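Chain by chain, the residues run as shown.
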Amino acid sequence: MSRVCVISPFTGLAGDMLLAALVDAGAPLDAIRAAVADTGLTGWDLTVTSVLTHGLTGSRAVVTVTDDATSRSAGELIAMAGRVRDRAVADTAVAALQAIADVEGRLHGEDPDRVHLHELGGHDTLVDIVGVAAALHALDVRTVHCEALPIGAGSVRTAHGVLPCPAPATSALLHGARVVGTSLSGETVTPTAAALLRAIGADYGPPPEMRMASTGYGVGTRTLFDRPNVAVVRLGDRETADVRDLVVLETNLDDVTGEVLGYVVAHLLDSGALDSWTIPATMKKGRPAHVLHALATPETADDIERRMLAETGSLGVRRTSVRRTALPRTTDTVHVHGLPIRRKHGPHHGKPEYDDAVTVARQTGLPLRTVLAIAAESPEEH
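Everything numeric here is computed off the predicted structure, so don't read it as measured data.

Analysis parameters
Residues numbered from 1 in each chain as written. Predicted model: local features only at pLDDT ≥ 70, side-chain atom pairs only at ≥ 80, totals over all residues. Heavy atoms only, no water. Disulfide = S-S within 2.5 Å. Buried < 20%, exposed > 50% of the residue type's maximum accessible area, 1.4 Å probe, protein only. Pairing = 2+ DSSP bridges. Helix = DSSP H or I, 4+ residues; strand = E, 2+ residues; numbered from the N terminus. Polar contact = N/O pair within 3.5 Å; in protein donor to acceptor, adjacent residues only side chain to side chain. Domains from an automatic or database assignment. Axes fitted to C-alpha atoms, helices over the stretch in contact; angles between N-to-C directions. Core = buried A, V, L, I, M, F, W, Y, C linked by side-chain atoms within 4.5 Å. Contact = heavy atoms within 4.5 Å. Salt bridge = Lys/Arg side-chain N within 4 Å of Asp/Glu carboxyl O.

Caption draft 1: Here's a closer look at the state of the cysteines. Under the criterion given, the structure shown has 0 disulfides. Free cysteine Cys-5: the closest other cysteine sulfur is in Cys-146, separated by 9.0 Å. Cys-146 gets classed as buried once you look at its relative accessible area, which sits at 1%.

Caption draft 2: Summary view of the pairing of strand β3 (residues 56-65). Across 10 bridges, the pairing between strand β2 (residues 44-53) and β3 is antiparallel. Pairing of Trp-44 across the sheet is with Val-65, part of β3.

Caption draft 3: Region of the structure containing the side chain of Asp-332. Locating Asp-332 in the fold gives a position in strand β17 (residues 330-336). According to the relative accessible area criterion, Asp-332 is buried, its value standing at 11%. Among the polar contacts made by the side chain of Asp-332, one reaches the side chain of His-345 at a distance of 3.1 Å.

Caption draft 4: Molecular detail of the domain arrangement of the protein chain. Domain annotation of the protein chain identifies domain 1 (2-238), domain 2 (242-326) and domain 3 (330-377). Computed over C-alpha atoms only, the centres of domain 1 and domain 2 are separated by 54 Å.

Caption draft 5: Expanded view of the sheet that holds strand β19 (residues 350-352). Strand order in the open sheet formed by 3 strands is β17-β18-β19, with antiparallel pairing between adjacent strands. Strands at the two margins of the open sheet, each flanked by one partner only, are β17 and β19. The average undirected angle you get between the axes of adjacent strands in this sheet is 30 degrees. Here 7 bridges tie β17 to strand β18 (residues 339-345), and the two strands are oriented antiparallel to one another. Counted as the bridge partner of Val-336 is Leu-339 from β18.

Caption draft 6: Structural detail: the nonpolar core. Cys-5, Ile-7, Leu-22, Leu-46, Leu-149 and Leu-197 are the most contacted members of the largest nonpolar core, which totals 69 residues. Excluding anything up to four places from it in sequence, Leu-46 contacts Leu-19, Leu-29, Ile-32, Arg-33, Ala-61, Val-62, Val-63 and Val-127. Val-247, Val-256, Leu-268 and Ala-273 belong to the second largest nonpolar core, which has 16 residues in total.

Caption draft 7: Inspection of unusual backbone geometry at higher detail. Of note, His-54 is a non-glycine position whose phi angle comes to about 50 degrees, a positive value. Here His-54 shows up in the loop between β2 and β3. In this structure His-54 comes out as partly exposed when scored by relative accessible area, which is 45%. If you check the backbone angles, His-337 has positive phi at about 55 degrees while not being a glycine. In this structure, His-337 sits in the loop between β17 and β18. Classification of His-337 as exposed rests on a relative accessible area of 59%.

Caption draft 8: Region of the structure containing the pattern of salt bridges. Enumeration according to the criterion identifies 16 salt bridges in this entry. Measuring nitrogen to oxygen at the nearest pair gives 3.7 Å for the salt bridge that ties Asp-30 to Arg-33. One end of the pair, Asp-30, and the other, Arg-33, are both in helix α2 (residues 29-38), 3 residues apart, so they sit about a helical turn from each other. Residue classification places Asp-30 among the exposed residues on the basis of a relative accessible area of 60%.

Caption draft 9: Quick look at the sheet that holds strand β13 (residues 242-253). Ordered in space as β14-β15-β13-β16, the 4 strands form an open sheet in which the pairing is antiparallel. This sheet does not close on itself; its edge strands, each paired only once, are β14 (275-282) and β16 (318-326). Direction aside, the axes of adjacent strands within the sheet are offset by 30 degrees on average. Bridging between β13 and strand β15 (residues 288-296) involves 7 bridges; their strand directions are antiparallel.

Listed below in structure tokens is the structure:
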């Protein structure tokens, strides 16, 4: 299973709104605080409170600051984010901060690491970015999809003066993102949120089919008169296929007995082949024969090939590269007349394990087909 996060920026998106929505959806606050603490940041506290807005209950993330440092250079923030012990969290946070540094450096003609971040250089930015990275990691999110981002008009006041919305840094960070106009004025998407979406590789296409797990609502600090100011995240699980590049080995055999073939198939499976099988064939001069196949990884193909040649006496083996798609599967155990039988389930079908059913048939005296039918129809045991 693969965990998916779908972001719905109902009225826009800010770092604190995304962080609050993830906590509201189940991300552990202690893990988020621990990741931020790894950075060495001092004089801060993060709380997430429940807020009722326009009849909707959501969560709001609040960073309380007691430190005098109100802004830092990009290089300082990147170095601090890099101290997070979990490398996956650190890498995501560093990528987001580096994206901000690169954009600000280009806009102001400065070295990205030395560019001084004003509004983005305080505690909030580091807490939001590291916090979101830690929340996604704690929730085991593998894929993030984001719906179209509403872009407001008007202006925003910055340390460099009044700038048009979206701010130049935000516009640059949103390159490639899907956006839509909104009747709301002002800054509806912040640079922090845009940088996070870029760092986590958010996809702006339609989200995949998934099984819903939880929903979270992150409330922003801005109050709107006609609607709740929220960003929504939906977490779900989807079944994913395992796609791998493998090797098929095959050889034609017209002088090997059925007993030997049965042994060779079992021997190849025991030796690491992922699968092995035979297909009846007619060779030249009408000779009946079999084609022996083995499916192997590229790493084990040479060893499997040697075993095929040694066990069959064949003079040659053909090798073909293939790509296999394996659907996810789960197992459970049921009992027939008190005896256990394992079952394997895929997305579309399930069946009892043959060897277990044979053991039960021999011990109970029931026909094998009866045992298989009972096991197949038994309810799942927990």
